[in-house]
Amino acid sequence: MSRSESRFGRKGRRGGSRRGQAAEPVHTDEYGHDEDYADEYDYDPEEDFSAEYGHTHTRSEGPGQAGYDDGYDDGYEDEYGYEDEYGAEQASAQGRGRGRRGRRADRNPGKVSAFSANALKRVSVLGDRPNQIVYTLAEQSRRKRGTAVLAVLLTAFGLALVLLLGLLTYQFISNDGGQTADTETSIVEPPEGHTTLTPELYLSEPNREETFGAIDEREADAEPMTEESVFGGAEELELDDISLQAQETGVNDSCTSMVWGGDLAQSLLDAECANAASALYTDSDQEYVAQVTLFDVADSNGAEEVAAALDPTNTDTEAGFVLPQTGEDIAGLNEGYSQATTQVMGHYVAVFWTARQDAEDPGDNSDLATVNVASMNSVQFIYDEVVRNGGGSPEEE
């Protein structure tokens, strides 16, 4: 065998070998789907899904076959005025193209159509058409936004509710049950070097229910005492041959600043004392002095507790009494002899404290006792309040 024959023989064998290998290819699905996938979704490569998803066509065969319609209307040429020569030439070119496409389609049948059918089958497994999936996702997005807005509104509502409850609580506490008059919350200490004088003769009158029962409790809308309302009609007091004139009058918002003694001050706080009114009287001869102090507490029970703490003979409480308003120029009520009467009148506690201006013991002279009784007429407004509240009787008036 010649070399040329041998070379061509080898080429023939190599070529034949390669052609042999190509003639027996191992078929793999280029889209990654095996027979199990088709079984799982009941997929038939030959099945047509066009009608199921609304796609229809009039052609019955593929390109290059009988009955194939390329989608162009025969009247297209007439409408736009193309000449026959151009139309014939175009038809000839289209024929050649259809021939080539037909041959290519024959060599690789069903690849694209199989992929399209498989994709549509995947969508149908989800239970909705593609556009319906988009609508569903949009609806979920709107729901999420609605949930976020609802959460913000609920949070704002909760904050508003907390603020409202806080405001109502503050008003309830600050109004103290709706009373107009405020009460003290801490004790005011007496001034340094104050007197600790207590009366040598002391009388205490308990609350008389038949007389002061109508004012046992302070009214919820009661206005605090004023200087005019208490002492406006009591500038001059007379009894027998004793005449007293008011020298100083006033109203203090701090009840505890009018007394000394820890137990007495605490009893005023516990009784919810609103304010204290005081007046200082002297007679025309400047021989006697009388001090009237009036405490406005919440009810008669609290008034009784304050009266008990004022009593110098009460060993259950430490010593304490009202502070004198006479100043250093008058010895009486700062030192020496004095006498006092405490009277509970509904929710009021009245203290009538008298002495000689020189602080001497009056002995058998009863004028000091008369001054004490005359000073009690300074609280006539309390009886007026009893009548306004439906209490009292003509005899008592």
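Keep in mind the model is a prediction, meaning the values are calculated, not measured.

A.B. asks: Quick rundown of the pairing of strand 8 (residues 339–345)? Include the residues and the values.
C.D. replies: With seven of seven residues buried, strand 8 is to be regarded as a mostly interior element. Here strand 8 shows no split at all, with Gln339, Thr341, Gln343 and Met345 on one side and Ala340, Thr342 and Val344 on the other all buried. Across five bridges, the pairing between strand 1 (residues 201–205) and strand 8 is parallel. Among the inter-strand pairings, Leu203 is bridged to a residue of strand 8, identified as Thr341. As defined by bridge partners, strand 8 adjoins strand 9 (residues 348–356) across seven bridges and the pair is classed as antiparallel. Its bridge partner being in strand 9, Ala340 is matched across the sheet by Trp353.

A.B. asks: Give a detailed account of the confidence of the model for the chain, specifying residues and quantitative values.
C.D. replies: The predicted coordinates should not be examined in detail at positions where pLDDT is low. In this model, the chain carries a mean pLDDT of 75, and residues with pLDDT of at least 70 account for 59%. Ignoring residues within four places in sequence, the model shows residues 1–41, a span with pLDDT below 50, making 14 contacts including any to other chains. With pLDDT under 50 throughout, residues 176–180 is counted as low confidence; its partners more than four residues away or in other chains account for eleven contacts.

A.B. asks: So what about a nonpolar patch on the surface? Which residues, and what values?
C.D. replies: A surface patch of nonpolar side chains, amounting to about 490 Å² of accessible area, comprises Phe157, Leu161, Leu164, Leu165 and Leu168. With respect to the helices, strands and loops of the structure, Phe157 is situated in helix 6 (residues 130–175). By relative accessible area, Phe157 is classed as exposed at 57%.

A.B. asks: Kindly report on the state of the cysteines, identifying the contributing residues and their values.
C.D. replies: Evaluated as defined, the whole model comprises one disulfide. Residue pairing for Cys255: its cysteine sulfur links by disulfide to Cys273, the two sulfurs lying 2.0 Å apart. Because the torsion about its S-S bond is -70 degrees, the bridge between Cys255 and Cys273 counts as left-handed. Taken as a pair, Cys255 in the loop between strand 3 (242–252) and strand 4 (259–260) and Cys273 in the loop between helix 9 (262–270) and strand 5 (275–283) lie far apart in primary sequence, 18 residues in all. Using a relative accessible area of 0% as the deciding quantity, one classes Cys255 as buried.

A.B. asks: Before we move on, can you summarise the pattern of salt bridges with the specific residues and values?
C.D. replies: Considering all chains together, one arrives at three salt bridges under this definition. For Asp296, the salt bridge is made with Arg218, and the minimal N-O distance between the two is 3.6 Å. You can see Asp296 sitting in strand 6 (residues 288–296) and its partner Arg218 sitting in the loop between helix 7 (209–212) and helix 8 (227–231), a full 78 residues away along the chain. For Asp296, a relative accessible area of 3% corresponds to the buried category.

A.B. asks: Please set out the nonpolar core residue by residue, giving values where relevant.
C.D. replies: The biggest cluster of nonpolar side chains holds 31 residues, and the ones touching the most others in it are Val259, Phe295, Leu310 and Phe321. Where this core is concerned, the elements lending two or more residues are strand 4, helix 9, strand 5, strand 6, helix 10 (300–310), strand 7 (321–322), strand 8 and strand 9. A total of five residues in this core trace back to one element, the largest contributor, which is helix 10. Discounting residues that sit within four places of it in the chain, Phe295 has contacts with Cys255, Met258, Val259, Leu268, Cys273, Asn275, Ala276, Val322, His347, Tyr348, Val349 and Val351.

A.B. asks: I'd love a proper account of the packing of aromatic side chains, names of residues and values included.
C.D. replies: For the coordinates displayed, the defined rule picks out four aromatic pairs. Relative to Trp353, the ring of Phe321 lies with its centre 5.2 Å away and its plane at 80 degrees, an arrangement referred to as edge-to-face. Residue Phe321 is found in strand 7, and its partner Trp353 is found in strand 9; the two are separated by 32 residues along the sequence. As far as the burial class goes, Phe321 and Trp353 line up, both buried. Measuring from ring centre to ring centre gives 5.8 Å for Tyr348 and Phe381, while their planes differ by 75 degrees; the resulting arrangement is edge-to-face. A residue pair is termed long-range when its members are at least 10 positions apart, and Tyr348 in strand 9 and Phe381 in helix 12 (residues 380–388) qualify at 33 residues. Through pairs of rings, three or more aromatic residues link up here, namely Tyr202, Phe321 and Trp353.

A.B. asks: Break down helix 10 for me, citing the residues and quoting the values.
C.D. replies: The α-helix winds at 3.6 residues per turn, so residues separated by three or four positions along the chain end up facing the same way. For helix 10, the complete set of buried residues consists of Ser300, Gly302, Ala303, Val306, Ala307, Ala309 and Leu310. Residues of helix 10 that are buried sit in contact with strand 1, helix 9, strand 7, strand 8 and strand 9. Where helix 10 begins, the capping side chain belongs to Asp299, and its oxygen is found 3.3 Å from the backbone nitrogen of Asn301.

A.B. asks: A description of the side chain of Gln343 should follow, citing residues and the corresponding values.
C.D. replies: Tracing the backbone shows Gln343 in strand 8. Relative accessible area serves as the criterion here: at 8%, Gln343 is assigned to the buried category. With residues near it in sequence (within four places) discarded, Gln343 still touches Glu205, Arg208, Phe212, Tyr348, Val349, Ala350 and Phe352.

A.B. asks: Could you give me a rundown of the sheet that holds strand 6, with the residues and numbers involved?
C.D. replies: Ordered in space as 1-8-9-6-5-3-2, the seven strands form an open sheet in which the pairing is mixed. Edge positions in the open sheet fall to strand 1 and strand 2 (236–239), since each of these has one partner strand only. Neighbouring strand axes in the sheet, compared pairwise and without regard to direction, differ in orientation by 20 degrees on average. Two strands pair when backbone bridges link them, and strand 5 and strand 6 are joined in this way by eight bridges, in the antiparallel orientation. Bridged to Tyr281 within strand 6 is Ala290.

Scoring rules and cut-offs
Residues numbered from 1 in each chain as written. Predicted model: local features only at pLDDT ≥ 70, side-chain atom pairs only at ≥ 80, totals over all residues. Heavy atoms only, no water. Buried < 20%, exposed > 50% of the residue type's maximum accessible area, 1.4 Å probe, protein only. Helix = DSSP H or I, 4+ residues; strand = E, 2+ residues; numbered from the N terminus. Pairing = 2+ DSSP bridges. pLDDT = per-residue confidence, 0-100. Contact = heavy atoms within 4.5 Å. Patch = residues over 30% accessible without salt bridge, like charges linked within 9 Å, V, L, I, M, F, W, Y side chains within 5 Å. Areas by Shrake-Rupley, 256 points an atom, 1.4 Å probe, with all protein chains shown as cover. Salt bridge = Lys/Arg side-chain N within 4 Å of Asp/Glu carboxyl O. Disulfide = S-S within 2.5 Å. Core = buried A, V, L, I, M, F, W, Y, C linked by side-chain atoms within 4.5 Å. Phe/Tyr/Trp six-rings, centres within 6.5 Å; stacked < 30°, edge-to-face > 60°. Polar contact = N/O pair within 3.5 Å; in protein donor to acceptor, adjacent residues only side chain to side chain. Axes fitted to C-alpha atoms, helices over the stretch in contact; angles between N-to-C directions.

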